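Given next are the chains, with one letter for each unit.
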Amino acid sequence: MFINPTKETLALTRHSLANGRGALSKGVTIATGLTWYDLQAPSKNIYPVITPLRNSIPRVQRMNASDAARWKQVTALTGSGYDSMGWVPEGQRSGTMSYTASQKSAAYVTIGEEDYLTFEAEAAAQGLEDENSMVTLRLLQKMMRKEEIGLLAGNASLMLGTPSNPTLSASGTGATLPAATYSVIVVALTLEGWKNASLSSGIATTKTITGADGKTFVLSGGSSNKSSNVTQAVTLGQSLFATVAALQGAVAYAWFVGAAGNETLQAISTLNSVAFSAPLSGGRQVASVVTGDNSANPNYAFDGLLTQSLNPSNLAYVNTLATGTPGTGTALTASGRGSVAEIDTMLQSMWDNYRISPTVLYVSSQELKNITNKVLGTGTGSLLRYDAGATGGLPYGVVAGGTIEFYFNPFASDGGTKMPIKVHPDLPPGTLIAYAEHLPEWYQNNEVPNVAEVLTRRDYYRMDWPPRTRQREYGVYVEEVLAVYATFGLGVITNIANG
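### Let's talk about the overall build of the protein
Per the secondary structure count, the protein includes eight helices and 24 strands. Seen through its C-alpha atoms, the protein measures out along the principal axes to roughly 135 × 70 × 70 Å. Classification of the 499 residues of the protein by burial places 41% in the buried group. Only carbon and sulfur atoms are counted for the fraction: they give 54% of the accessible area of the protein, which is about 27,000 Å². Here the protein carries 34 positive and 37 negative side-chain charges, and the mean point of each set is 7 Å from the other.

### Some points on the pattern of salt bridges
A complete count under the given rule lists 15 salt bridges for this structure. Here Glu129 and Arg138 are joined by a salt bridge, their closest N and O atoms 3.6 Å apart. Taking the relative accessible area as the measure of exposure, Glu129 reaches 12% and is therefore buried. On the basis of relative accessible area, Arg138 is assigned to the partly exposed category, the value being 27%.

### Topic: the sheet that holds strand 11 (residues 239-243)
Taken in spatial order, the three strands make up an open sheet running 5-11-14, and their pairing is antiparallel. Each having just a single partner strand, strand 5 (167-171) and strand 14 (273-276) make up the two edges of the open sheet. Neighbour-to-neighbour, the strand axes of the sheet open up by a mean angle of 20°, direction not taken into account. As defined by bridge partners, strand 11 adjoins strand 14 across four bridges and the pair is classed as antiparallel. What sits directly across from Ala242, in strand 14, is Val274.

### A few points about the side chain of Thr494
Among the secondary structure elements, Thr494 is positioned in strand 24 (residues 490-494). A polar atom in the side chain of Thr494 sits 2.9 Å from the side chain of Thr431. Non-local contacts of Thr494, meaning those with residues more than four positions away in its chain, are made with Ala250, Asn319, Thr320, Leu321, Gly430 and Thr431.

### Re the sheet that holds strand 4 (residues 109-118)
Pairing is mixed in the open sheet, where four strands are placed in the order 1-22-23-4. Where the open sheet ends on each side, the last strands, each with one partner, are strand 1 (59-61) and strand 4. Taken over all neighbouring pairs, the strand axes of this sheet differ in orientation by 30° on average, direction set aside. With three bridges connecting them, strand 1 and strand 22 (residues 452-465) associate as parallel partners.

### Brief notes about the pairing of strand 13 (residues 264-269)
Across the six residues that make up strand 13, a large majority, five, are buried. Both strand 12 (residues 252-258) and strand 13 contribute to a ladder of five bridges, which runs antiparallel. If you follow Ala254 over to strand 13, its bridge partner there is Ile268. Turn length for the strand 12-strand 13 hairpin, with the two strands adjacent in sequence and antiparallel, is five residues, and the turn residue Gly261 shows positive phi of about 90°.

### Remarks on the packing of aromatic side chains
Per the counting criterion, the structure on display carries six aromatic pairs. With 4.9 Å between their ring centres and 15° between their planes, Tyr354 and Phe488 make a pair best called stacked. Of the two residues, Tyr354 sits in helix 7 (residues 341-354) while Phe488 sits in the loop between strand 23 (471-484) and strand 24, which places them 134 residues apart along the sequence. Every member of this aromatic cluster is reached through a ring pair, and the members are Tyr354, Tyr443 and Phe488. Over the ring of Phe406 we find Lys418; its NZ or CZ atom is 4.7 Å from the centre of that ring.

### A word on unusual backbone geometry
Between Ala41 and Pro42 the backbone carries a cis peptide bond, its omega angle lying at -5°. By secondary structure assignment, the location of Pro42 is in the loop between helix 1 (5-18) and helix 2 (52-56). Even without a glycine there, the phi angle at Arg355 is positive, about 55°. Mapped onto the elements, Arg355 comes out in the loop between helix 7 and strand 16 (360-363). A relative accessible area of 41% places Arg355 in the partly exposed class. Phi is positive for Asn495, close to 60°, though the residue is something other than glycine. Following the sequence through the fold, Asn495 ends up in the segment after strand 24.

So, how was this worked out
- Residues numbered from 1 in each chain as written.
- Predicted model: local features only at pLDDT ≥ 70, side-chain atom pairs only at ≥ 80, totals over all residues.
- Heavy atoms only, no water.
- Helix = DSSP H or I, 4+ residues; strand = E, 2+ residues; numbered from the N terminus.
- Buried < 20%, exposed > 50% of the residue type's maximum accessible area, 1.4 Å probe, protein only.
- Areas by Shrake-Rupley, 256 points an atom, 1.4 Å probe, with all protein chains shown as cover.
- Lys, Arg positive; Asp, Glu negative; His and termini not counted.
- Charge placed at Lys NZ, Arg CZ, Asp CG, Glu CD.
- Salt bridge = Lys/Arg side-chain N within 4 Å of Asp/Glu carboxyl O.
- Pairing = 2+ DSSP bridges.
- Axes fitted to C-alpha atoms, helices over the stretch in contact; angles between N-to-C directions.
- Polar contact = N/O pair within 3.5 Å; in protein donor to acceptor, adjacent residues only side chain to side chain.
- Contact = heavy atoms within 4.5 Å.
- Phe/Tyr/Trp six-rings, centres within 6.5 Å; stacked < 30°, edge-to-face > 60°.
- Lys NZ or Arg CZ within 6 Å of the ring centre and 35° of its normal.

Shape is all these values report; function is a separate question.
Set out below in C-alpha cells:
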C-alpha cells in the first residue's frame, strides 16, 4: 500500500493545531514576517525645486534660430548743439542729432541631464508608480535647478584672473593658534565656484565629465588662479588676520594657510577678509592643486544676471562694501528712517543715471535678517505683531518676530513702488541683487518690454536613446540663452558683512 505524503502531512498539521500543541500553534509573531508589506504609493519626492528666475523671466521661442541670438541696440540719442536745448531761430533749421548704437549677440548653449531605468526596475515598480514617467520628472526638475543657477550665475566671459597678494597681520590675546610663521594664499570664487566648494572636498578647479555616450568634456569649476604666498609671524595668543583686494566678479574667497609650500584650505569666506584664532585643520586640500584661472566656461555657458551685473564692461550698478576690520567686514547701515542706506543709494543711482526702478530684490537668508534688523531694529519699529484673531478664545495674541516683505523705492516717476524682497536659494551670504524685470513705458517704444528674456532655440525636450543594453536611457535638454537687453536694470551690493 502506497502512502500519500501530502495527505499525511496535512492530517498531522490539523491534529496539532486542533489540540493546541506544537510550534505552529504559538510560534508565529509579527517578527516572523508573515504580514503584508505596507508600502505607500507613489514614492515621496522630498527635495526642493526652487526656480524663481526660471519661473519669472519671460521665455521667447525664436524662429529660424541659428548659432546665436543677435540684436541691434540703440542706447542713446544725442541732440544737436547743446543736448538739453532745442531752441531754433525763426525760419532756420535745427542741427542733426546722432545715435549711440551697437550690435549685440549671445550664443545659444545647451543645458541637460541624463538618467536610465533598467528593465527589471521598470517591471518591479509596476503597481507602485510609473517609473518611466518619474525618471523623466526628476530629470526635468534637476535640469531646471541647474538652469536656475545658470540664469543667476552662469559665467562665459568674466575671468577673475589672479588675486592680489593678501595683506597679513597678527594681534590680540587669548587665541589658541600655535606660535609659528604662517604662509597664506587666496583664491577668488565666482558664485558657481562658491557652490562647488567646501572645506571637506576643496575648491573646484576643473572636472572631466564622461557623458552617457562615452565622450568627455571639461568644465571649469569657478575658481581664480591663486595669489602669491605671503608670510606672517604669530606669537601664542595672537590671531592671524588676512585681507585681499576685492575682485569684481567674486562673491567668495578660499584661504590656504600653513607653512610656506604646504598651505592647505582653511576657510571659505564671503568677505574679502578672514581671521584665524584656532589651530589649523589637517587633511585639507593643498594650494598646489590650483594652477590657473578656472573661473569661466566660454565654450559652454552663458552669462547669468549676477555675472552680467558684476562685469565691469556693463552698465549695472555695483557696490562692493569696504574691507573694514579684517575678519569682520562692513555691514549694511540703517538709514535712521526705516530703510537701509546702501540700498537707498543704489536705487537713487539707478534712477538718476538711467531713469529705471528695480521691481524685485533677491537676497540670501542672511541679508534678509540683516535688512530686517536695520529696518525694524531698536528705535525704528517693533518686532512684535498683534493678532486680533488669536486662538484659544483670547481676544488678541502677540506674535514674536517679523520680516520685511517689501522695500519701498521712492525713486520712480509715479511716486514710488514697492519691491518684493525674495530669498533666493543660490545667493551666498554677503550679496544681494536688484532687478528691474520690465522696462518702464518710456523705454518701450521699440517693443522691448523686458530687461531680460530667455531666448530658446529649442525648449525643454526629452531624448529616448535607442536601447543598447537592457535599460532605457533618457536625456532632458534645453537650448537657450539669457539675453539681457538693459544691464543698467541690474544692481548688486556685495562683500556685505553679517551684522
